[in-house]
Structure formats: structure tokens, C-alpha cells
Amino acid sequence: MVDKDAARAALRAYLGSRREKVSPEQAGLSFVSTRRRVTGLRREEVAMLAGISAEYYVRLERGLATGPSPSVVDAVAAALRLDEDERAHLDRLFAELTPEARKHRRRPVTETASAGVQVVLHAMTTLPAVVLNARLDVLATNTLGRVLYAPVFDLEGTPNTARFLFLDEHRARQLFPHWERIADDTVALLRIEAARHPDDRAIVELIGQLSTRSATFRTRWARNDVRAHAAGVKVFHHPVVGELTLPYENLLIDAAADHTLTVFAPQPGSPGHDAVQLLASWDAGSRARSPQD
């Protein structure tokens, strides 16, 4: 069972961080005083913009208001200019304060890719692909995916992209030229997972390990940013092939266990497609030169 004080603290920190990101000018408050002790909106300003009393908003932010109506949450979200991912995260935080949502929950025990998914992976011979869970453990790869993510597997324990990014930062910055963006996205993903499964010991231990050992992680975690896993473009730097700019798609393959198949799928004829072909040729040659068992 999740500690209700911890759930209240998470809600308070999140709403406070969202207030700090909105300036009075962005909110259309042209009459505010120039002497301010806060960089963003004050609580009473959020309350005014949302059309609720300042006293109620304070209780709301502290997690002491009982069951705010959807219209109130909508108004607060609009005042804070929350995007879709941020609004969904706010709903999760409010849900943690209700007894119904906080009843005993079990996380799926499946932490390996299914045999069928393994078959699909190995049938994909021309596109790099990896399977991740919501904590960003690497559960499976095909041959090209393994080559692409090779340094991640050098860490002890279960390969995990977040641990690699922050606990082997020097090598991670070499593999990912756009490390700053990837680091931001990774922490935002973990923030969502921590809110979805606050009683999951594995995510708690991961966040604790990263917070203890990485100042760059701690700084990002304190921002309370959230962002869902979406398609996009990722840049890799391979020591032999060089830079690969690869668009990717995320496919949810096991909703119960939160497993996602990430497939890097550059368009035929694009530089990314040519780079993947070069990577495949290099890997095949490397295997041919390796001593046979």
C-alpha cells in the first residue's frame, strides 16, 4: 500500500513545479507586481485563473481536498497550461489519494519477452529492434538491436538504458550525441512509471540508485517533468559506422506487462537506411572473422 503522505508530497511537488514553469505574462496577468519572490505563478494566481478560492487551491495542492471534480481539475490544468501527458500525470497523482485506486496492486511478474516476440524479433533481419519494459530494462533484441545498444550490455545486472545513461555517462554521451535530450526524455518516462506503480519495489530501487549516484539524474528528477513514450528520431554514434540518425516507432506488445517493441525504421534510400545496411554488413563481417566455437 502506498503511503498517503508520500502521495500528497508527490502531488505538492508536481503542482509546485508546474506553477514555476508558467510566468504571469504567459498566464495573461499583466497587472502583477514587479516585486515577486517566485519565478512562476503564486498559488492564489492559479486559484484566480481556475475560478476557485485560494484556500481550496492550497488544500488541493497539498493533497488535502477530497475528490476534486473533473471540472476543477480541468480548470487547474488549463491555468497551469498542462499538455496531454502532464494532465494525465496529474490525474494519476490525484488517483493515488483515493482509497479505491490505492488498494492492493500487483505488478505483472512477466519480465521476459515471450517466445512469440522472440520469433518476431529474429525475423526482423534488416531493422534494429529492442524490447523494453516500463522501467527501461532491455528484455530482448534482434541482432542489429544488440549491435546498436552494445555498450548498454556492459553494465552489471539487467541491461537498463536509464542506468547506462546516468551511471556510465561518459560512454553514454559517446553513444548518444544528443545525450541531453535523451536524458530528459528518460527521466520524464521514469517519472510517469513511478506514479503509475508507486508500490513497485523495482522502480523505487532504480530511482533510488540513480538519485544516489548521479547528480545529473537528481537535477532532472527534481523538475517533475513527464513525457509519454512516443515515436521519434534517435541519433547513435557507432565507433565503426559513424553517426546513424534513425526514426523509430514504439509498439505496445504486452499491455499487461508494459512491454514495448521499439523498431528503428529508416525509409529506404535514406541516409539512415544506408547506415543500417552498413552496420549489418560490418556486423556480418565481424562475426565471420570471429573464432568459431
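Below, the structure is looked at part by part.

The rules behind the values
Residues numbered from 1 in each chain as written. Predicted model: local features only at pLDDT ≥ 70, side-chain atom pairs only at ≥ 80, totals over all residues. Heavy atoms only, no water. Helix = DSSP H or I, 4+ residues; strand = E, 2+ residues; numbered from the N terminus. Buried < 20%, exposed > 50% of the residue type's maximum accessible area, 1.4 Å probe, protein only. Expected span 1.5 Å × (residues − 1). Arc of directions from axis to C-beta. Polar contact = N/O pair within 3.5 Å; in protein donor to acceptor, adjacent residues only side chain to side chain. Phe/Tyr/Trp six-rings, centres within 6.5 Å; stacked < 30°, edge-to-face > 60°. Lys NZ or Arg CZ within 6 Å of the ring centre and 35° of its normal. Pairing = 2+ DSSP bridges. Salt bridge = Lys/Arg side-chain N within 4 Å of Asp/Glu carboxyl O. Contact = heavy atoms within 4.5 Å.

1. Thoughts on unusual backbone geometry
Then comes step 1: For Arg81, which is not a glycine, the phi torsion comes out positive at approximately 60°.
Then comes step 2: Mapped onto the elements, Arg81 comes out in the loop between helix 4 (70-79) and helix 5 (84-95).
Then comes step 3: According to the relative accessible area criterion, Arg81 is exposed, its value standing at 52%.
Then comes step 4: One non-glycine residue, Leu136, lies in the positive phi region at around 70°.
Then comes step 5: Mapped onto the elements of the fold, Leu136 is located in the loop between strand 1 (129-132) and strand 2 (138-141).

2. Things to note about helix 5
Then comes step 1: Taking 1.5 Å of rise per residue, 12 residues should cover 16 Å, and helix 5 covers 17 Å from first to last C-alpha, within 8% of that figure.
Then comes step 2: Buried within helix 5 we find Glu86, Arg87, His89, Leu90, Leu93 and Phe94. Angular distribution of buried residues about the axis of helix 5 spans 160°; they occupy a single face of the element.
Then comes step 3: Its side-chain oxygen placed 3.1 Å from the backbone nitrogen of Asp85, Asp83 serves as the N-cap of helix 5.

3. Section: the packing of aromatic side chains
Then comes step 1: This model, assessed by the stated rule, comprises 10 aromatic pairs.
Then comes step 2: Ring geometry for Phe164 and Phe176: centres 6.4 Å apart, planes at 70°, overall edge-to-face. Taken as a pair, Phe164 in helix 8 (residues 161-167) and Phe176 in the loop between helix 9 (169-175) and helix 10 (179-196) lie far apart in primary sequence, 12 residues in all. Across this residue pair, the class does not change: Phe164 and Phe176 are buried.
Then comes step 3: Plain terms: the ring middles of Phe166 and Phe217 are 5.3 Å apart, the flat faces sit at 80° to each other, and that makes the pair edge-to-face. Linking Phe166 in helix 8 with Phe217 in helix 12 (residues 215-221), this pair joins segments that are 51 residues apart in sequence.
Then comes step 4: Following the ring pairs from residue to residue traces out a cluster consisting of Tyr149, Phe164, Phe176, Phe236, Tyr248 and Phe264.
Then comes step 5: Lying over the aromatic face of Phe153, Arg146 brings its terminal NZ or CZ to 3.8 Å of the ring centre.
Then comes step 6: Taking NZ or CZ as reference, Arg173 lies 3.8 Å from the ring centre of Trp179, over its face.

4. Quick look at the pairing of strand 5 (residues 259-264)
Then comes step 1: In terms of burial, strand 5 is a largely internal element, 6 of the 6 residues being buried.
Then comes step 2: What you see with strand 5 is no split at all: His259, Leu261 and Val263 on one side and Thr260, Thr262 and Phe264 on the other are buried throughout.
Then comes step 3: Bridge analysis of strand 1 against strand 5 gives 4 bridges, and the strand direction is antiparallel. Its bridge partner lying in strand 5, Ala129 is registered against Val263.
Then comes step 4: Relative to strand 5, strand 4 (residues 242-254) runs antiparallel, the two being bridged by 6 bridges. Paired with Asn250 across the two strands is Thr262, which belongs to strand 5.

5. Digging into the environment of Ala6
Then comes step 1: One can find Ala6 in helix 1 (residues 4-21).
Then comes step 2: Once the C-alpha coordinates of Ala6 and Pro70 are considered, the two residues, 64 residues apart in sequence, prove to be 23 Å apart.

6. Looking at the pattern of salt bridges
Then comes step 1: For the structure shown, the criterion picks out 22 salt bridges.
Then comes step 2: As a salt-bridge pair, Glu169 and Arg173 come within 2.9 Å of each other at their nearest N and O atoms. In this pair, Glu169 and Arg173 both sit in helix 9, 4 residues apart, roughly one turn of the helix.
Then comes step 3: With a relative accessible area of 21%, Glu169 lands in the partly exposed category.
Then comes step 4: Salt-bridge contacts for Arg223 lead to Asp184; the nearest nitrogen and oxygen are separated by 3.3 Å. Here Asp184 lies in helix 10 and Arg223 lies in the loop between helix 12 and strand 3 (232-238), a separation of 39 residues in the sequence.
Then comes step 5: Looking at Arg223, the relative accessible area reads 36%, which means it is partly exposed.

7. Looking at the side chain of Ser17
Then comes step 1: Mapped onto the elements, Ser17 comes out in helix 1.
Then comes step 2: We classify Ser17 as buried; its relative accessible area is 9%.
Then comes step 3: Leave out the neighbours within four places in its chain, and Ser17 touches Arg223 and Asn224.

Geometric values such as these leave the question of function open.
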